[in-house]
Every structure is written in structure tokens, then in C-alpha cells.
Amino acid sequence: MRGIFEINKKFLYFNSCVKAYNKLVEKGEYEYAHESLLLSFDRFKFVLKYINSPNIDCGLIVRVTQGEVIIKGYEYLFKDILEMNKMNEYKYHIYIEGNDLSSNLPWVFLNKGCLLMPKDILFNSIFNVNLKPWVHYVPIKTDLSDVDEIMSYLIKNDNIGEKIANNGYKYIKQFTNNDLMNKIKIETIKRYCKNYIID
């Protein structure tokens, strides 16, 4: 189970981080794919659409370079890695699924960032199944086409983003309780064994 069990040690010290940038940040990892497949990846499409937006600081990153990873003609989409302490200086973050669920939700909430997320996501986890739009996150279209418009609204109405960020923080704090998380792990294993283990 992908969990938050070490989150206290790993992320909580960023809580005091000053939110210096009234923008959305997305520096997503990119794994090499043939050029014909690129436009099927949501993260790639997002960066391609919003690379020049004044409200969004976005780019693709490559952690390990193996041969010609950056495709010619798209070099301008790639940026340097932005470490987590720097990412936490941004008020707004986005949830973009890849081959799996997006792993940024717990640390964004714990650091009082405001999360933009589609209502219709493919992968659910313990962290997102009970989230409510405009309470814990800002809803956006599944195709991410309204992000710039939403960001313009949030920048003009900063109190809304701040309230949502505080609600997200309160929501995720329950998962820092080790006793509760151990109970959830045990219950998950019991249910799995009941449904999938054949005697």
C-alpha cells in the first residue's frame, strides 16, 4: 500500500514554508516514449498547452538520461528538477495521473498547498476517495483545458484557495496517526485475503 507512514519525518518540516509564488507549479517526470505517443500523455499535453502561461510554472523533467530522451522540437518543454522545498513555495498544485495515481496529494495537503484536480480520476487511493470539490480541492475538467481560467479566478480570490488548502491539511492530518494507519493496513490485508486468496 502506498502510504503516508513516513510523512511526519519527510514532509512536515515544510509546513512553515512561505508561499512566495501565487502560481500553480507542475514539474512532472517524463519517461521516454516514441514521438507518436507523446500527445496521449496528460502531463505532456498539459505542459505543451500551458508552458507560456503567466499563472503556471510548468515543465517536464528527466531524472535519468538514457540516449536521446528529449525529442527534437520539444526541448523548450524541459526544465531543471525543482526540489520539493522549492515546489512548496507555490500556493497551487495540480493532480495529473500518469501510469498510476498521482503521488503528490499527501505532501501538497500537508504543506497547505491548494490542489487542482479533475473530479473524474482513474485511480483511487485511501487519500482521495472522500475528498469533496471546492472543499478539499479545486475541481477542473478531465482534459485540463480550464486550468488557466481557474487559476485566474483563484489568483483574484486568494481567500478561496487558502480556505481549500486549510481544509486539505485538516483532512490529510488524520493519516499521520500511526494507530489509525496500522488498523487500515490490517483491514486492507484481511479484505484482500477474504476476496482473493483461495484455500
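Going by the structure above, here's the rest.
Residues numbered from 1 in each chain as written. Predicted model: local features only at pLDDT ≥ 70, side-chain atom pairs only at ≥ 80, totals over all residues. Heavy atoms only, no water.

1. Topic: helix 2 (residues 42-50)
Logical step 1: The set of residues buried in helix 2 consists of F44, F46, V47 and Y50. Taken down its axis, helix 2 places every buried residue within 160° of arc, on the same side. (Buried < 20%, exposed > 50% of the residue type's maximum accessible area, 1.4 Å probe, protein only. Helix = DSSP H or I, 4+ residues; strand = E, 2+ residues; numbered from the N terminus. Arc of directions from axis to C-beta.)

2. A closer look at the environment of C58
Logical step 1: Tracing the backbone shows C58 in strand 2 (residues 56-61).
Logical step 2: Considering only alpha carbons, one finds C58 and K79, 21 residues apart in sequence, at a separation of 8.3 Å.

3. Overview of the side chain of D57
Logical step 1: With respect to the helices, strands and loops of the structure, D57 is situated in strand 2.
Logical step 2: Note on D57: relative accessible area 15%, which makes it buried.
Logical step 3: One polar contact links D57 to K79, side chain to side chain, over a distance of 3.3 Å. (Polar contact = N/O pair within 3.5 Å; in protein donor to acceptor, adjacent residues only side chain to side chain.)

4. Structural notes on the pattern of salt bridges
Logical step 1: What the rule picks out here adds up to five salt bridges.
Logical step 2: Note that K79 is salt-bridged to D57, the shortest N-O span being 3.3 Å. Of this pair, K79 sits in the loop between strand 2 and helix 3 (84-87) while D57 sits in strand 2, placing them 22 residues apart in sequence.
Logical step 3: On the basis of relative accessible area, K79 is assigned to the partly exposed category, the value being 33%.
Logical step 4: Note that R191 and E187 form a salt bridge whose closest N and O atoms lie 3.1 Å from each other. With R191 and E187 both in helix 7 (residues 178-196) and four residues apart, this pair spans about one turn of that helix.
Logical step 5: Relative accessible area serves as the criterion here: at 54%, R191 is assigned to the exposed category.
Logical step 6: For E187, a relative accessible area of 35% translates into the label partly exposed. (Salt bridge = Lys/Arg side-chain N within 4 Å of Asp/Glu carboxyl O.)

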